[in-house]
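# A closer look at the structure
Read off the chains here:
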Amino acid sequence: MRIVLLGPPGAGKGTQARRLAESTGMTHLSTGDMLRSEVASGTELGLLAKGFMDSGDLVPDSSIIAMIQQHIADPSGVLLDGFPRTLIQAEALNEALDQIGLPVDQIVYMAVNIDELIRRLSSRVVCKECQTPYNLEVDRPIKSGICDHCAGEVIVRDDDRPAAVKNRMKVYEELTAPVLDYYQSRMNVVEVIATGTPDAVFTKLNEAIGSDAPFN
Ligand code: AMP
């Protein structure tokens, strides 16, 4: 099973993909998390990616495609979060799956209005170690500044600062919104209005994905 979660920055893709992965045993593939761990380890890819990420721009397609390729055939099934983010990436995903004879099984679009997105991103903090996201308004860590899961330090992401957020929204509209049109013209895209508490959105996602999904 290969499920793609689409949606703007702040839609809750990471939060929900983690929960879905936990409840289904599928592998959560977040290109953002993968890149942040490359940055933290100081790899060649991490050094290349950091500048793009900090300013809210996209990392070049070729690097992203090479990074994700080896993971998409994971036999546990994959939940793709943050990929594909351009039409070139969507085509590359199709080609890679064609080569191994697997389809994209489901596309879920998480819709949230712009005011709510900005509000969420400006109150978001994440664990520096395991990357669990929190929201200082509705979903704080139990101990301030410390991750509930791994006791890592909880910080504000550089790209959640106002100038980067503005750029990420622009990049989303220009480069990633067309990916939604691309899939809508090819297959059924399930839309979930992803507002409300994380629990409420999780319930909606499970309902919307339908009875053929592995997690119902
Ligand atoms: P995310 O955690 O998904 O919000 O991603 C954080 C940042 O990582 C993005 O703003 C981009 O700079 C980079 N990034 C993540 N996924 C991709 C992708 N599929 N293509 C290009 N850049 C990406």
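Scroll up a little and you will see the structure.
In this report, the structure presented in the accompanying data block is examined. (Residues numbered from 1 in each chain as written. Predicted model: local features only at pLDDT ≥ 70, side-chain atom pairs only at ≥ 80, totals over all residues. Heavy atoms only, no water.)

On to the site of the ligand, then. Taken together, 16 residues lie around the ligand, and T31, R36, D57, G82 and Q89 are the ones closest in. Here an oxygen atom of the ligand sits 2.5 Å away from a polar atom, N or O, in the main chain of D57. One of the side-chain N or O atoms of R85 is found 3.0 Å from an oxygen atom in the ligand. Looking at the shell around the ligand, its residues break down into six nonpolar, four polar and six charged. (Near = heavy atom within 4 Å. Polar contact = N/O pair within 3.5 Å; in protein donor to acceptor, adjacent residues only side chain to side chain. Nonpolar A, V, L, I, M, F, W, Y, C, P; charged D, E, K, R; others polar.)

Moving on to the packing of aromatic side chains. This structure, assessed with the given rule, holds one aromatic pair. R19 extends its terminal NZ or CZ atom over the ring of F202, reaching a point 4.7 Å from the ring centre. Above the plane of the ring of Y182 lies R186, whose end atom (NZ or CZ) is 3.8 Å from the centre. (Phe/Tyr/Trp six-rings, centres within 6.5 Å; stacked < 30°, edge-to-face > 60°. Lys NZ or Arg CZ within 6 Å of the ring centre and 35° of its normal.)

The next point concerns unusual backbone geometry. The omega torsion across F83 and P84 is 0 degrees, close enough to zero to call that bond cis. One can find P84 in the loop between β3 (78–81) and α5 (87–100). Its identity is not glycine, yet Q131 carries a phi of approximately 70 degrees, on the positive side. Mapping Q131 onto the fold places it in the loop between β5 (124–127) and β6 (133–135). (Helix = DSSP H or I, 4+ residues; strand = E, 2+ residues; numbered from the N terminus.)

It is worth spelling out the nonpolar core at this point. Core analysis: the biggest nonpolar cluster contains 31 residues, and L6, L35, L80, L93 and Y183 have the highest contact counts within it. For this core, the secondary-structure elements that each account for two or more residues are β1 (2–6), α2 (31–41), α3 (44–55), α4 (61–69), β3, α5, β4 (106–111) and α7 (162–184). Counting residues per element, this core draws most heavily on α7, which supplies six residues. For L93, the contacting residues outside a window of four places in its chain are V4, I72, L80, F83, P84, V104 and Y183. One finds A17, L79, L121 and M169 within the second-largest nonpolar core, a separate group that totals 21 residues. (Core = buried A, V, L, I, M, F, W, Y, C linked by side-chain atoms within 4.5 Å. Buried < 20%, exposed > 50% of the residue type's maximum accessible area, 1.4 Å probe, protein only. Contact = heavy atoms within 4.5 Å.)

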